[in-house]
Amino acid sequence: MGVLICSMIVLALIGQSHSYNVRNPLDRFKRFQDTPWSDPNDCTHTRQPFVLSNTFNFSLDMRMPGVTPTASDSYFCMSVPVPTEEAYIVDFVPHASMDTAHHMLLYGCTIPYSTKGYWDCGTLQGTCEDEAKIMYAWARNAPPTKLPRDVGFKVGAKTKITYFVLQIHYGDVKNFRDHHKDCSGLTLRMTSKPQPFIAGMYLMMSVDTVIPPGKAVINADIACTYSSYPMYPFAFRTHTHRLGKVVSGYRIRNGQWTLIGRQSPQLPQAFYPVSNAIDVKYGDTLAARCVFTGEGKTTETRIGGTSNDEMCNFYIMYYMDNRFFVPYKDCMAHGSSNLFRNIPDEANVPIPVSPDHMMTMMHGSAHKDDEDDSVLQQPKSKEEEVLDQGTHLEELDDWPEVELQLGQVCGLALDSDDNLVIFHRGDHRWGVTSFDTNAIYQQKSLGPIQQSTILVVDPVKGNVLKASGRNMFYLPHGLTTDKDNNYWVTDVALHQVYKLSNDGKDKPLLVLGEAFKPGRDKSHFCQPTDVAIDPETGNIFVSDGYCNSRILKFSPEGKYLSEWGAGSLDRRRRTPFQIPHSLAFVPDKREILVADRENGRVQCFMADTGEFVKEIKKEEFGGEVFAVSYAPVRGGLIYVVNGESHYDKSAPIQGFVLSYSTKEILDTFAPDTQKFMMPHDIVVTKDRSVFVGDAVSDSVIKFVPSEKAEHRSVKKGGIEVQEIEETETFVQANLKPVHKPVAQSPEAKVQKLPEVPEKEPAQAQLAKAQEDKEKEKEKIANKANSQGLSPGVITTLLLLLPLVLVIAIGVFIRWKKSRMYGDGHEVKLEPSGSSGGILGKLRGKAAGTLNLGNFFATHKGYTRQGFDRLSTEGSDLEKDDEDATDSENEEYSAPPAPVSSSQ
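A quick note: this is a predicted structure, and the numbers were derived from the prediction, not measured.

Below, the discussion takes up the overall build of the protein chain. Along its length, the protein chain carries eight helices and 46 strands. Taken across its 903 residues, the protein chain has 58% of its residues classed as buried. Sequence-distant contacts in the protein chain: of pairs separated by 6 or more residues, those separated by 24 or more amount to 71%. Working note: accessible area of the protein chain is about 36,800 Å², and carbon and sulfur atoms make up 53% of it.

Put into structure tokens, the structure is as follows:
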């Protein structure tokens, strides 16, 4: 027996040793990462330029071979061939410091200027003999750039990118006073596995801006009409030199400006995730604005390639379908003043950069390739800073001053005088017996609610100003008002939408749907939840609702126009609405906000087309979002209230204030005198007072802004990449059962679930079950001890123990290595939030090369040496008919292909 066990141990050790030999390529890669070669000033090591990690994935290292510039604003280039016939870049890892390198650029082409060593590419010599395509850029200690899953830059023979050319601009030669050698560069992490979506770069650049000395504000505007296949922006990058304050980029469609990205160019010039998940189609306009200041200058500043010049660049990293991809596009046309009269105000507001942030950026480590510390935070606007520094909401505990006789409060709205309008259910309650399994109301015999269900209330004192809505409704739900102070309400028992005058006559002006008859066609609803009205067109939007998962759009006269379902951050993983519960119209952006209750998210859609814009989903919501409201102040503020989720009881029930543009949580609030039970609707007044209607406590709670000295800590949501990560987690979580019982909500019946006990009995049952389980474990243990074990069994266990120990050690080592290298041994970065890179100044070129080389030499009399004509891709219709295939890169999903009515 002992010989057998020893033999098995030896075999296990041999197998483990063999597994190490199999993993040697990946071990080499890991050592390659962990060595000090990332130090751009350490050129003492001989690096392997090509490292294979498995059958598909590999890395390519490009470093300057120990250069020492002798003049400021030197541009050095080197080239490396693409190692395979066809490959896809999925990560860019910079190895450089802004103390040494001003910026780095990566180009792709077929014929580089040289294939040996490095060369000066800042004068007559350029980067490529043929057309060069920008693929990556870095500056100001920007962190690595990680592409979304299933997206890669396609390179190889068919793409005419058979060589990479790395260009580094060394700004101030004083950095080399010690005559050290520089080995700055890039690591490209690549795969030969075909990617279904191909990445590309769209560069928007001003070429003729002049900044007068002393001028406080000068704008550089760029605009072009898009004329190619649909592209989907997923990251953006801004670039100016010292005088730039803010750079913003937009898509314009049907006169509507939608933000792609906005950032201070004085922050790390990384590729930040786009602000809105949009597409860009044929006929759209792309526009960008750079805001400069000439204060402190004594001479005019022009666009150019040295550190004393300026630049205005807005980069869009996009993806396209594999069959139609175009790797590079650019736009250098000056935008007309008529077009830019309508640019959103946010584009003109500088983003403040604190000295502490600048010091961290300048002196912090630039070589933490795989640490979470490299996650970039979107800077807050001045208004958000003010809100963050103490202006938060607190309950006004003495409101209302008079007692309001309310039933289940289900809907809130404001009229044109900012009076509060309350919609409640009187003596009717929504219980588990209210509907049958076909959503047909079972309590018609009770008759309509005899109390006034619509109350207009003084928002200051709480006394009732008007009352209406008697003998009309059975189970009220949603309420909104239009610009004429008409009431728009929904009734889930009637399955109808009503338009009522505010004159108290209780006579419907318009009725949509058929009484007591649920359905899902153009003229029937099934428990509709809310209404929103477009103040410009009068169009009607209905969220429908508990049975149907859709948003419907009607004309002001009630004619059906269109409908749509949920949007998605991944068009292959679209998650349908689960009770679209609340709507809010965003007038300044012409969007519809939808509180998708059971999915715990807010989704934004274009009101005119139904096109999906973006999603807001936060861990703090806890899995449910009951209601949403919007205030067109401070760049747009979104107010939401969550509810208790049976999947996540850790999240408290509370209200949230979020920035529309960054999706960051700016404040949370909850009542002090009583807890939220089921906050069912929320509205915000012009003075930013907030009212929340609770359907369980039958009350309305008022919150007012409070200017206190102390700062309430709020967990920040971070940048868009973190939102994408949350969404990924959420999609996986949806593999669980999606229907759940609602303990306190009488509306749980709508989900066709059996009746469950109230919350506290349910918790008691759970505790009892846990206690019984522990007792059962103890009983089994005692039984085993009392019975004892035979000597033979004990001997066998002792003999097997060494073998089990060896196996456990082997399993642990494999687990540890899998954690170290990642699933599937893929050579990819850990998620690091925002991506890094700057395209900076483009300089040096031979004929036909994409550089800012000598472009400005003859442009409008500009005589600075080192620039010639910039050539562009020009082929908007370039195609690759290769079939799209799935990817094995599993870290991120591709950004969304927005949903539109045409789709």
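Before going further, it helps to examine the sheet that holds strand 41 (residues 637-642). The antiparallel open sheet is built from four strands, whose spatial order is 40-41-42-43. Looking along the sheet, the strands with just one partner apiece sit at the ends: strand 40 (625-631) and strand 43 (665-669). Each neighbouring strand pair of the sheet contributes to a mean axis angle of 20°, computed without reference to strand direction. As paired elements, strand 41 and strand 42 (residues 655-659) share five bridges and run antiparallel to each other. What sits directly across from V640, in strand 42, is F656.

Here the residue pair W399 and P400 is connected by a cis peptide bond, since its omega of -5° sits within 30 degrees of zero. Of note, P400 is situated in the loop between strand 23 (391-395) and strand 24 (409-414). For the peptide bond that leads from D544 to G545, omega is -15°, which places it in the cis range. Structurally, G545 can be placed in the loop between strand 33 (540-544) and strand 34 (550-554).

Overall, the coordinates contain 34 aromatic pairs when judged by the stated rule. Ring geometry for Y474 and F516: centres 5.0 Å apart, planes at 80°, overall edge-to-face. One end of the pair, Y474, is in the loop between strand 27 (464-468) and strand 28 (476-481); the other, F516, is in the loop between strand 31 (508-512) and strand 32 (528-533), and 42 residues separate them in sequence. By relative accessible area, which is 19% here, F516 ends up buried. Measuring from ring centre to ring centre gives 6.4 Å for Y630 and Y660, while their planes differ by 85°; the resulting arrangement is edge-to-face. Taken as a pair, Y630 in strand 40 and Y660 in the loop between strand 42 and strand 43 lie far apart in primary sequence, 30 residues in all. Each member of the pair, Y630 as well as Y660, carries the same accessibility label: buried. Following the ring pairs from residue to residue traces out a cluster consisting of W430, F435, Y441, Y474, F516 and Y546. When the ring centre of Y660 is taken as origin, the NZ or CZ atom of K589, which lies over that ring, is 4.7 Å away.

The next thing to look at is the pattern of salt bridges. Any two side chains of opposite charge can pair, on the condition that their charged atoms come close. Under the criterion given, the structure shown has 24 salt bridges. Between R601 and D596 there is a salt bridge whose closest N-O contact spans 2.8 Å. Each of the two residues, R601 as well as D596, counts as buried. Several salt bridges share partner residues, and in doing so they unite R251, R253, D279, K281, D284 and E611 into one network.

The rules we used
- Residues numbered from 1 in each chain as written.
- Predicted model: local features only at pLDDT ≥ 70, side-chain atom pairs only at ≥ 80, totals over all residues.
- Heavy atoms only, no water.
- Helix = DSSP H or I, 4+ residues; strand = E, 2+ residues; numbered from the N terminus.
- Buried < 20%, exposed > 50% of the residue type's maximum accessible area, 1.4 Å probe, protein only.
- Contact = heavy atoms within 4.5 Å.
- Areas by Shrake-Rupley, 256 points an atom, 1.4 Å probe, with all protein chains shown as cover.
- Pairing = 2+ DSSP bridges.
- Axes fitted to C-alpha atoms, helices over the stretch in contact; angles between N-to-C directions.
- Phe/Tyr/Trp six-rings, centres within 6.5 Å; stacked < 30°, edge-to-face > 60°.
- Lys NZ or Arg CZ within 6 Å of the ring centre and 35° of its normal.
- Salt bridge = Lys/Arg side-chain N within 4 Å of Asp/Glu carboxyl O.

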